[in-house]
Amino acid sequence: MASACDGCAAAGNCSAQENGGCGGEGPASFLEKLNEYSSVKKVIGVVSGKGGVGKSFVAASLACAMRKKDYSVGILDADITGPSIPKMFGLHGPAVGDDLGIYPIETEGGIKVMSVNLLMDDEEAPVVWRGPVIAGTVKQFWTDVVWGDLDYLFVDMPPGTGDVPLTVFQSLPVDGVIIVTSPQDLVRMIVTKAYNMAAIMDIPVLGIVENYSYLVCPECGREIPVFGESHIEEIAGSMDLEVLGRMPLDPAYAELADAGLFEKADNIHLDKAAEILKSL
């Protein structure tokens, strides 16, 4: 009986054949080639098991933190249908290109950003694309964008474990992921889903960041757990992971993001995460 790999090879569409085949001795590799005019030392995925936990906020904060340490930094906005990174930094397209590829747009502080919103005539037009087209766009952000020389490329992924996270894990040489979550009751399931997907794809999990951990009372300074008591230490411990930060609800951050001035935010709550990234 012919193997599955024999079948797709006969159809001429099995890239795994070059690496030993689906059932061969070598592992199948679907890594895409980085744009030839680019060099990226570390690729860091920022993931979550569900939406609405502040994943883009964490990705942007980490990018700002590493840029302030004089590293060259980029953000690949892989949340194709819900891009928010350009808005946070006050960036507008169109991104331009030439024979070498497409050029990311830089923030005032020098962070290079590529997002579908920087390629569209109307930033508010919905992206009504099917999964394969979205996944193909994410690949092009790796193969066709002239990133130049980067120390860190942060990939802001859409929530969940669908097409795009799978495409990123298979197509980009991801050095590690940071899981973003919140203190709500279903947090264990959310973290576990993201953790298990990374494990299946053999991607290291660098740690967990909890967002919306508490609200600081403006009158007395007391920390109020708006979304319930945190269990992140217990959950992280059960998976042998580090908690890299617990971030409060802070209206000042939201105001800066809405104004496109996010680089002015000083997020001290992710110092431990920045140190982990420096050690990679």
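**Section: the pattern of salt bridges**
Scanning the model with the defined rule gives seven salt bridges in all. Where Lys-278 meets Glu-275, a salt bridge forms, and the shortest distance between an N and an O atom there is 3.9 Å. Separated by three residues within a single helix, Lys-278 and Glu-275 lie in helix α9 (residues 271-278), roughly one turn from each other. Using a relative accessible area of 36% as the deciding quantity, one classes Lys-278 as partly exposed. It is possible to trace a salt-bridge network through shared partners that takes in Lys-55, Asp-79 and Asp-156.

**Quick word on helix α5 (residues 163-171)**
It helps to recall that an α-helix has 3.6 residues per turn; residues three or four apart then point in one direction. Those residues of α5 that sit buried are Val-164, Pro-165, Thr-167, Val-168, Phe-169 and Ser-171. Where the residues of α5 are buried, they touch β1 (39-47), α4 (131-143), β7 (149-156), β8 (176-181) and α6 (187-200).

**A word on the pairing of strand β9 (residues 205-210)**
Regular strands place their side chains on alternate faces of the sheet. Burial within β9 is extensive, with six of its six residues counted as buried. As paired elements, β8 and β9 share five bridges and run parallel to each other. Note that in β9 the partner of Ile-178 across the bridge is Gly-207.

**As for the environment of Asp-122**
Looking at where Asp-122 falls in the secondary structure, it is placed in the loop between β6 (112-114) and α4. In this structure Asp-122 comes out as partly exposed when scored by relative accessible area, which is 43%. Considering only alpha carbons, one finds Asp-122 and Gly-93, 29 residues apart in sequence, at a separation of 9.5 Å. Within the structure, Asp-122 has its side chain in polar contact with the backbone nitrogen of Glu-124 (distance 3.0 Å).

**Things to note about the layout of surface pockets**
A volume near 240 Å³ is recorded for the largest pocket. Surrounding the largest pocket, 14 residues form its lining, Phe-57, Tyr-212, Asp-250, Tyr-253 and Ala-254 being those nearest its centre. The leading source of residues in the lining of the largest pocket is helix α8 (residues 251-258), at five residues. For the lining of the largest pocket, a count of residues per class yields ten nonpolar, two polar and two charged.

**Notes on the nonpolar core**
By size, the foremost hydrophobic cluster in this structure holds 81 residues, and its most contacted members are Val-58, Leu-62, Leu-76, Phe-89, Phe-154, Val-168 and Phe-262. Ranked by residues supplied to this core, first place goes to helix α2 (residues 55-68) with eight residues. Aside from chain neighbours lying at most four places away, what touches Phe-262 is Phe-57, Ala-60, Ser-61, Cys-64, Met-88, Phe-89, Tyr-253, Leu-256 and Ala-257.

**Regarding the packing of α2 against α9**
At a minimum axis separation of 10 Å, α2 and α9 run at an interaxial angle of 65°. Considering the relative orientation of α2 and α9, their crossing is right-handed. Residues Leu-62, Ala-65 and Met-66 of α2 touch α9, and the partners they reach there are Ala-273, Ala-274, Leu-277 and Lys-278.

**A few points about a negative patch on the surface**
Judged by side-chain charge, Asp-121, Asp-122, Glu-123 and Glu-124 come together as a negatively charged surface patch. Considering the arrangement of structural elements, one finds Glu-124 in the loop between β6 and α4. Judged by its relative accessible area of 74%, Glu-124 is exposed.

**Some thoughts on α9**
The complete set of buried residues in α9 reads Ala-273, Ala-274, Ile-276 and Leu-277. The buried residues of α9 all sit within an arc of 160° when viewed along its axis, so they share a single face.

**Structural notes on the sheet that holds β6**
Spatially, eight strands are ordered β5-β6-β2-β7-β1-β8-β9-β12 in an open sheet, and the strand pairing comes out mixed. The open sheet is flanked by β5 (105-106) and β12 (243-246), the only strands paired with a single partner. Packing of α2 onto the sheet brings it into contact with β1, β2 (73-77), β7, β8 and β9, and relative to β7 it is tilted by some 165°.

**A word on empty space enclosed by the protein**
Tallied over the entire structure, the rule returns one cavity of 30 Å³ or more. What the largest cavity holds in volume is close to 70 Å³. Of all elements in the fold, only α5 and α6 reach the threshold of two or more residues within the lining of the largest cavity. A breakdown of the residues in the lining of the largest cavity according to their chemical character gives seven nonpolar, four polar and no charged.

**Observations concerning the packing of α4 against α5**
One way to put it is that α4 packs onto α5 with a least axis distance of 9 Å and a crossing angle of 35°. Here α4 and α5 pass one another in a crossing that is right-handed. Residue-level contacts link Gly-131, Pro-132, Ile-134, Ala-135, Val-138, Lys-139 and Trp-142 of α4 to Asp-163, Val-164, Thr-167, Val-168 and Ser-171 of α5. Across the contact of α4 with α5, the residue classes break down as seven nonpolar, three polar and two charged.

About the criteria used
- Residues numbered from 1 in each chain as written.
- Predicted model: local features only at pLDDT ≥ 70, side-chain atom pairs only at ≥ 80, totals over all residues.
- Heavy atoms only, no water.
- Salt bridge = Lys/Arg side-chain N within 4 Å of Asp/Glu carboxyl O.
- Helix = DSSP H or I, 4+ residues; strand = E, 2+ residues; numbered from the N terminus.
- Buried < 20%, exposed > 50% of the residue type's maximum accessible area, 1.4 Å probe, protein only.
- Contact = heavy atoms within 4.5 Å.
- Pairing = 2+ DSSP bridges.
- Polar contact = N/O pair within 3.5 Å; in protein donor to acceptor, adjacent residues only side chain to side chain.
- 1 Å grid on protein atoms, 1.4 Å probe; cavity = no way out; pocket = protein on both sides within 12 Å on 5 of 7 lines; lining within 4 Å.
- Points joined across faces, edges and corners; volume = space filled by probe spheres on them.
- Nonpolar A, V, L, I, M, F, W, Y, C, P; charged D, E, K, R; others polar.
- Core = buried A, V, L, I, M, F, W, Y, C linked by side-chain atoms within 4.5 Å.
- Axes fitted to C-alpha atoms, helices over the stretch in contact; angles between N-to-C directions.
- Left-handed = near helix turned anticlockwise from the far one by under 90°.
- Patch = residues over 30% accessible without salt bridge, like charges linked within 9 Å, V, L, I, M, F, W, Y side chains within 5 Å.
- Areas by Shrake-Rupley, 256 points an atom, 1.4 Å probe, with all protein chains shown as cover.
- Lys, Arg positive; Asp, Glu negative; His and termini not counted.
- Charge placed at Lys NZ, Arg CZ, Asp CG, Glu CD.
- Arc of directions from axis to C-beta.

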